[in-house]
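Structural overview
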Amino acid sequence: MTRRQRRLVLIGAALGVLGLAVALVLSALKGSIVFFNSPTDVAEKQIPAGTRFRLGGLVKDGSLIRGENLLVRFEVTDGKSTIAVAYQGLLPDLFREGQGVVAEGAIDPSGTFKADSVLAKHDETYMPKEVADALKKQGHWKDGDNNAPKGRAQP
Amino acid sequence: MIAELGHYALVLALVLAVVQACVPLIGARRNDPVLMGVAGPTAVAQFGFVALAFGALVACYLRSDFSVVNVFENSHSLKPLIYKITGVWGNHEGSMLLWLLILSLFGALVAAFGGNLPARLKANVLAVQSAIAVAFGLFILLTSNPFLRIAQAPLEGRDLNPLLQDPGLVIHPPLLYVGYVGLSISFSFAIAALIDGRIDAAWARWVRPWTLLAWIFLTLGIAMGSYWAYYTLGWGGWWFWDPVENASLMPWIAATALLHSAVVMEKRNALKIWTILLAILAFSLSLIGTFLVRSGVLTSVHAFATDPTRGVFILAILVLFIGGALALFAWRAPLLKQGGLFAPLSREGALVLNNLFLMSACATVFVGTLYPLALEALTGEKISVGAPFFNATFGPLFVPLLLVLPFGPLMAWKRGDLPGVAQRLTGAAAIALTGAAVIFAVEAGGPILVPFAFALALFVMAGAVTDLIERTGLLRMPLRTALARAAGLPRSAWGTAFAHFGLGVMLLGIVGETQWSVERIAEIKPGQTMTIRRYELQFDGVTNRQGPNYQEVIGHFTVRRPGETLGVLEPSKRTFTSRGTVRTEAALMTRGFSQLYLSLGDTSSDGSFGVRLYYKPLVLLIWLGALVMVVGGALSLSDRRLRVGAPVPAKGKAAMQPAE
């Protein structure tokens, strides 16, 4: 093989692998990203049942109901709209009424958001960034420090 | 007084860094040995003053001097001694000081052990290294001074975030930082070579041990962080594809690629420009990682506080160094002479393939990590890119890499013999296929990927062993000859085999954990039992305990298997009084390479506890694999070839090499 041919093989291999990577990234970006919505977004966008997204807001005071078999129900609000959430499993350490929460899942046909994972704050000063922004939009947020560890829960 | 002393030492270190960044560079331009000689002593002195500043901060923590803002915000007089010390780097200011400390430590190490470096290269390297120190020294002094005082000292501190009060944090950040910052040396070497416009195989030989050292620590740091997340976050995950984790994974991948391409450069004098670019990219990714973690654009355990000026400052450092390095690269790289021809099917070819796949995988992680940030900045739309994305991109790129991995070390340099290598790997392939068949038979109906991934792991492991057998001639020659040959084998060959074997071990652990893990979530009252696989857990009740700065509720569970009692699991929930926060402490029981994992959830009004119980088969192999890789790195680092230094290039070659 001449030097030129060798170089062509190298460049060909490089382009091939890069092309593969680009194709993988594009197809994955189509299928596996999750959007973040506040309860108001959900009401406005008319998100169809079954579409996965992240719901963020405050856990409404007095809305937490613990059922059988670790089933919990609570409501997430941004001050303007409210959505009922159902989750089965253990809640993160610092899940509290009146505090910020991010839940991932989808709306079921009855209109309840069925969460399969719940992220809550893990520190008294923490507010998930998305939640803080959503609340700011609705005018329910006082500026302050909002960064600290996050906790997660998965069923 | 101590705080002021630390502050003063830091300012002095900055001044020395400025001197070190300028004078040797001028010396190298003028070929003035005196000016170039300034670099060594200033590097050591700079490290001394940064160490003094760091020591001063540690002293403030030890004395619980709450008149220092940083101590007040992150410490508590009742905190155990070890966490008073680790609290130093459990916050933004302190961790940046640790960053600077390690940066100057590496500079001092080059000054101390770089005796066999050509004077100009050494001067340039230390000057570039010091330029980075100037940037970060300024960053600390202007935006994140850890020595600020409060006018009226409070009586008690606010305590360290409970999540960070853990043995894992004692070593995780320093390990990771040595890795991150250690890559600065490869970067400095690359820039120095570009400034000089000269690079040869000896350069690769000097760079490789430094990269290897950084790589070893980075591997340890990432593995440690992963294990920490596994046992503290309470739901048994060991990798979340969290942007912060990705920030450490990207430099790791780039460093791995750099190690491999530096081999080609050292042995065959080829891939020079690519190696230089990788050295720049590896440290650039470290800097990007620092930016992501420290600027507050991400919310995570690692983002201690947000302050826009810090983000902008780090961004400026980022642009200056990455942009400057790449511009210099574009300008000077064409001057470097290409050398070393090789056929596509050869050891070099295999290493190029390795680099291609590694850097493509790195690029997908980069896209997945930064795309959400870019999208939010441009459109305001918030998305999260999680595990599904990375599984669909990173995974498929790693499969071919792992498939060809065993071929690489068996290929000859320059022109490899693929059929011959394939023949030598038949044994390894047979082992892998047998393993796959067994899994397929046992797990009939399960996902087809599982036996395949299992086979891949076995193939990588058996391939590493094959490499050693071939090199020692174990099966072809009498045992004594083979042993003698094994003793004579370069340590770097052992290192390669260990590192590759470790990768296979890790893959095995990943397959076991992700595919065969069993989970039980239940509400349980004292006296009740729950079962998982063949294990039965009986809940004996809870007790309360008073820790040094927390109160603890401990659950007691007896673990049994039919016919025998195996021990107890005691998960707990700690409530930290000063912050009012709760932290779950999972309990682990190791059975072979597998673990039982139990964590406590909420208490119900009727006295029952929510618990989460996992059986995680082979999970320990994930971290053991990383440790084996580290052993491989250490073996390779101890290779004599890397210690004795590079041969002096023949006369005449030392002159600037013209472009082709």
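Residues numbered from 1 in each chain as written. Chains lettered and ligands numbered in written order. Predicted model: local features only at pLDDT ≥ 70, side-chain atom pairs only at ≥ 80, totals over all residues.

1. Thoughts on the overall build of chain A
Which entries qualify depends on this criterion: Secondary structure elements follow DSSP: runs of H or I of four or more residues count as helices, runs of E of two or more count as strands, with numbering from the N terminus. Buried means a residue has 20 or more other C-beta atoms within 10 Å of its own C-beta, exposed means 12 or fewer, and partly exposed covers the counts in between; C-beta atoms are placed from the backbone. For every residue pair, C-beta atoms are placed from the backbone, and the pair is scored as a contact if these atoms sit within 7 Å.
Per the secondary structure count, chain A includes three helices and eight strands. Beginning at the N terminus, the succession of helices and strands in chain A can be written as α-β-α-β-β-β-β-β-β-α-β. By residue count, 42% of the 155 residues in chain A fall in the buried class. Residue pairs in contact within chain A that sit at least 24 positions apart in sequence constitute 55% of those at least 6 positions apart.

2. Things to note about the pairing of strand β1 (residues 33-37) of chain A
In plain terms, the rule: Two strands pair under a simple rule: DSSP has to find at least two bridges between them. Here, the term right-handed applies to a crossover whose path from the first strand over the helix to the second runs clockwise when the strands point away from the viewer.
In this structure, β1 of chain A lies alongside strand β1 (residues 383-385) of chain B, joined through three bridges in antiparallel fashion. By the bridge assignment, Val34 of chain A is partnered in β1 of chain B with Ser384 of chain B. Strand direction decides the pairing type here: β1 of chain A and strand β2 (residues 52-59) of chain A, joined by three bridges, are parallel. Of the residues in β2 of chain A, the one forming a bridge with Asn37 of chain A is Leu55 of chain A. A crossover links β1 of chain A with its parallel partner β2 of chain A, the connecting element being helix α2 (residues 39-45) of chain A, and its sense is right-handed.

3. Description of the sheet that holds strand β10 (residues 594-603) of chain B
Residues and elements named next belong to chain B. How we decide: In this analysis an axis means a line fitted to C-alpha atoms, helices contributing only their contacting stretch, and an angle means the value between N-to-C directions, from 0 to 180 degrees.
The strand order β2-β11-β10-β9 describes an open sheet built from four strands, whose pairing is antiparallel. Each of the sheet's edge strands pairs with one partner strand only, and the pair in question is β2 (518-524) and β9 (587-591). Taking each pair of neighbouring strands and ignoring which way they run, the sheet shows an average axis angle of 15°. Looking at chain direction, β10 and strand β11 (residues 609-616) are connected through seven bridges and run antiparallel. From the neighbouring strand, Ser599 faces β11, where its bridge partner is Arg612.

4. Observations concerning helix α7 (residues 119-143) of chain B
Condition: A helix's residues, less one, multiplied by 1.5 Å, set its expected span.
With 25 residues, α7 of chain B should reach 36 Å at 1.5 Å per residue; the first-to-last C-alpha distance of 36 Å fits that figure. Taking burial as the measure, the 25 residues of α7 of chain B include 19 buried ones, the bulk of the element.

5. Let's talk about the packing of helix α9 (residues 201-232) of chain B against helix α21 (residues 620-637) of chain B
All names here are of chain B. Heads up, the condition is: Angles below 35 degrees are treated as roughly parallel, those above 145 as roughly antiparallel, those between 65 and 115 as roughly perpendicular, and all remaining angles as oblique. For any pair of crossing helices, the crossing counts as left-handed if the nearer helix is rotated counterclockwise from the farther one by less than a right angle, and right-handed if it is rotated clockwise. Under the scheme applied here, ten amino acids are nonpolar (Ala, Val, Leu, Ile, Met, Phe, Trp, Tyr, Cys and Pro), four are charged (Asp, Glu, Lys and Arg), and all others, including Gly, are polar.
Taken N-terminus to C-terminus, the directions of α9 and α21 make an angle of 165°; their axes are 9 Å apart at the nearest point. Taken as axis vectors, α9 and α21 run roughly antiparallel relative to one another. In this structure, the crossing between α9 and α21 has a hand that is left-handed. Only Trp623, Ala626, Met629, Val630, Gly633, Ala634, Ser636 and Leu637 of α21 make contact with α9, whose side of the interface consists of Pro209, Leu212, Leu213, Trp215, Ile216, Thr219, Leu220, Ala223 and Tyr227. A breakdown of the residues in the contact of α9 with α21 according to their chemical character gives 14 nonpolar, three polar and no charged.

6. Description of the confidence of the model for chain B
Atomic detail in the predicted coordinates should be set aside for any region of low pLDDT. Residue and element names in this part refer to chain B. To be explicit about the condition: Every residue is assigned a pLDDT by the predictor, reflecting its confidence on a scale from 0 to 100.
Scored by pLDDT, chain B has a mean of 88; 94% of the residues are at 70 or more. Of the regions scoring below 50 in pLDDT, residues 300-305 engages in 18 contacts with residues more than four places distant in sequence or in other chains. Here residues 646-660 is modelled with pLDDT under 50, and outside its nearest four sequence neighbours on either side it reaches 16 contacts, counting other chains as well. Across the predicted assembly, pTM comes out at 0.89 and ipTM at 0.78.

7. Here's the deal with the domain arrangement of chain B
Residues and elements named next belong to chain B. For clarity, the threshold we go by: Residue ranges for the domains trace back to a domain assignment, done automatically or taken from a database.
When the domains of chain B are assigned, the result is domain 1 (1-165), domain 2 (168-338 + 349-363) and domain 3 (518-616). The centre of domain 1, based on its C-alpha atoms, is set 43 Å off from the matching centre of domain 3. With eight residues of domain 1 at the contact, the number on the domain 3 side is eight residues. For the side of domain 1 that touches domain 3, a count of residues per class yields four nonpolar, one polar and three charged.

8. Quick notes on the pairing of β10 of chain B
Residues and elements named next belong to chain B. A large share of β10 lies buried, amounting to eight of its 10 residues. Where β9 and β10 come together, five bridges link them in antiparallel fashion. Following the sheet pairing, Leu588 is matched in β10 by Tyr597. Linkage of β9 to β10, two consecutive antiparallel strands, is achieved through a turn of two residues, within which Gly592 is found at a positive phi near 65°. The antiparallel pairing of β10 with β11 creates a hairpin that spans five residues between the two strands, and Gly607 there sits at a positive phi of about 90°.

9. Details of the environment of Gly55 of chain B
Assignment of secondary structure puts Gly55 of chain B in helix α3 (residues 39-62). C-alpha separation for the pair Gly55 of chain B and Ala429 of chain B, spaced 374 residues apart in sequence, amounts to 54 Å.

10. Some details on the confidence of the model for chain A
All names here are of chain A. When pLDDT is averaged along chain A, the result is 77, and 76% of the positions lie at 70 or above. For chain A, the element scoring lowest by mean pLDDT is strand β8 (residues 150-153), at 40; strand β5 (residues 82-88) scores highest, at 91. Taken as a whole, residues 142-155 scores under 50 in pLDDT and shows 57 contacts with residues more than four places along the chain or in a different chain.

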